[in-house]
Amino acid sequence: MKVLLVNGSPHRKGETYNALSLVETALNEKGIGTEWFWIGNKPVRGCVDCGKCSKTFRCVLLDDACNDLIEAILKSDGVVIGSPVYFAAPNGALCALLDRVFYAASTHGGLFKGKPAAAVASCMRSGANSTIDRINKYFSFSEMPIVSSNYWNMLFDTQSQMGTDEKGNKTMQTLGYNMVAILQK
Ligand SMILES: Cc1cc2nc3c(=O)[nH]c(=O)nc-3n(C[C@H](O)[C@H](O)[C@H](O)COP(=O)(O)O)c2cc1C
């Protein structure tokens, strides 16, 4: 079994990557494989509501990672999507991408139905909960069971004045273990 880790930050190896890596360690420890998908830092188009995806279940806009991400999720048993917090919301480029990914695959096709999913936010100080809630909307629209931890899935970044985020580290680990438990059921 394999879980896809989606890094929704423009930084390939930044704080969102660090948060997802902690989930990865827990998954790997329990024998679950992982694959990474970084959304990059190139322009991402928003949905133009052309409606073509109602027949193809793929996006007509081909100059970014949208359709590659659909394929990567389809090949995975579960998915964890991480984002930096930008003004108490996910990165705008990530939302632009996910609007199209989930509109094409889920609104029309139900392609992701049944795949366990989780959202993770990396923040300097606050806004993680609204960020996680926003990402969870994609999952709850798509009949994807949302995996939780024993706290909200947030990690303070190393620039924050919060000190070492031991609680955040543990939250990521527990999230990984809970993803394994759901996958094995
Ligand atoms: C445009 C912008 C807006 C941000 N807004 C917030 C915010 O509302 N709350 C917060 O705690 N951090 C905010 N941050 C900080 C980042 O969320 C934080 O540094 C994050 O850990 C960066 O993750 P990354 O290294 O994966 O990109 C913002 C950063 C940027 C660039």
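Residues numbered from 1 in each chain as written. Predicted model: local features only at pLDDT ≥ 70, side-chain atom pairs only at ≥ 80, totals over all residues. Heavy atoms only, no water.

Lining the immediate surroundings of the ligand are 16 residues, of which S9, V85, S122, R125 and D157 lie closest. M124 is positioned with one of its backbone polar atoms (N or O) 2.9 Å from an oxygen atom of the ligand. Here R125 contributes a backbone N or O atom positioned 2.5 Å from an oxygen atom of the ligand. Coverage of the ligand by the protein amounts to 73% of the 650 Å² it exposes when considered alone. At the level of secondary structure, the elements contributing two or more residues to the shell around the ligand comprise α1 (15-29), β3 (78-86) and β5 (117-123). Looking at the shell around the ligand residue by residue, the classes come out as seven nonpolar, six polar and three charged. (Near = heavy atom within 4 Å. Polar contact = N/O pair within 3.5 Å; in protein donor to acceptor, adjacent residues only side chain to side chain. Areas by Shrake-Rupley, 256 points an atom, 1.4 Å probe, with all protein chains shown as cover. Helix = DSSP H or I, 4+ residues; strand = E, 2+ residues; numbered from the N terminus. Nonpolar A, V, L, I, M, F, W, Y, C, P; charged D, E, K, R; others polar.)

The subject of this paragraph is the environment of F87. With respect to the secondary-structure elements, F87 resides in the loop between β3 and β4 (89-90). With a relative accessible area of 86%, F87 lands in the exposed category. For the pair F87 and S130, spaced 43 residues apart in the sequence, the C-alpha separation amounts to 9.7 Å. (Buried < 20%, exposed > 50% of the residue type's maximum accessible area, 1.4 Å probe, protein only.)

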